[in-house]
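Fold and geometry: a report
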Amino acid sequence: MHRLALILLLACAGADAQTYRWTDPAGRTVISDAPPPSTAKNLSASTPAEPGAGMSYAARRAMENFPVTLYTAPNCQSECSQARDLLKQRGVPHTEKSLQNEADVAELKALSGDASVPVLKVGRQHFRGYAAAPWHDLLDLAGYPKSAAGGSRP
């Protein structure tokens, strides 16, 4: 029984292993958790960062309790760019959902009653259209920092 638990623990430990990126002899880019062959070119390795690493306790709590989703569309340029910039300036980790098909549009309509973008969703609250003051209010109420920590990005 103890051996099985130890084996499972060791197997899970590999989940945070390094990721390798290289170019194979055919010129294709390969990303894998297995070390590359000796013929690999342009090798780089990285270790995934823990979600919320480098964030304050309050910001991590906000991220856990009030996840942020930004709904955009490929044809949304100015307002969606301003929306991204606001989230970046505040250091807010977020998911961006770009409306690519009818299922995406239906999801947004169910949330906001309309398919216009951008839409900011913070926890269960949302705001349709870009307006800095209401967006800041939603993020403030959720506990997100007012500005990104020095040098950090979401």
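This write-up is about the structure you can find in this document. A quick note: this is a predicted structure, and the numbers were derived from the prediction, not measured.

What about the overall build of the chain?
- When helices and strands are counted, the chain shows five helices and seven strands.
- Starting at the N terminus, the α and β elements of the chain follow one another as α-β-β-β-α-β-α-β-α-β-β-α.
- For the chain, with 154 residues in total, the buried portion stands at 26%.
- Sequence-distant contacts, at least 24 apart, represent 53% of the contacts inside the chain between residues at least 6 apart.

Here's the deal with the sheet that holds strand 5 (residues 94-98)
- If you trace the four strands from one edge of the open sheet to the other, you get 5-4-6-7, paired in mixed fashion. Edge positions in the sheet fall to strand 5 and strand 7 (125-128), since each of these pairs with one other strand and no more. On average, each strand axis in the sheet is tilted by 15° relative to the strand beside it, whichever way the strands run.
- Lying on the sheet, helix 5 (residues 132-142) is in contact with strand 4 (68-72), strand 6 (119-122) and strand 7; it crosses strand 6 at an angle near 15°.

Focus: the pairing of strand 6
- Bridging between strand 4 and strand 6 involves four bridges; their strand directions are antiparallel. Of the residues in strand 6, the one forming a bridge with threonine 69 is lysine 121.
- Alignment of strand 6 against strand 7, held across four bridges, turns out to be antiparallel. Bridged to valine 122 within strand 7 is glutamine 125.
- If you look at the hairpin formed by strand 6 and strand 7, you'll find two residues sitting between the two strands, and glycine 123 has a positive phi there, around 65°.

Things to note about helix 5
- Along helix 5, the residues that are buried comprise Trp135, Leu138, Leu139 and Ala142. Projected onto a plane normal to the axis of helix 5, the buried residues spread over an arc of 90° and lie on a single side. The outward face of helix 5, more than 90 degrees from its buried face, is lined by the exposed residues Ala133 and Leu141.
- The inward-facing, buried residues of helix 5 contact helix 2 (57-65), strand 4, helix 3 (78-90), strand 6 and strand 7.
- Just past helix 5, the residue glycine 143 takes up positive phi, approximately 100°.

Re the state of the cysteines
- Following the criterion strictly, the structure yields one disulfide and no others.
- Each sulfur of the disulfide joining cysteine 76 and cysteine 80 lies 2.0 Å from the other. A torsion of 105° about the S-S bond marks the disulfide between cysteine 76 and cysteine 80 as right-handed. Assigned by exposure class, cysteine 76 and cysteine 80 land together as buried.

Procedures and definitions
Residues numbered from 1 in each chain as written. Predicted model: local features only at pLDDT ≥ 70, side-chain atom pairs only at ≥ 80, totals over all residues. Heavy atoms only, no water. Helix = DSSP H or I, 4+ residues; strand = E, 2+ residues; numbered from the N terminus. Buried < 20%, exposed > 50% of the residue type's maximum accessible area, 1.4 Å probe, protein only. Contact = heavy atoms within 4.5 Å. Pairing = 2+ DSSP bridges. Axes fitted to C-alpha atoms, helices over the stretch in contact; angles between N-to-C directions. Arc of directions from axis to C-beta. Disulfide = S-S within 2.5 Å.

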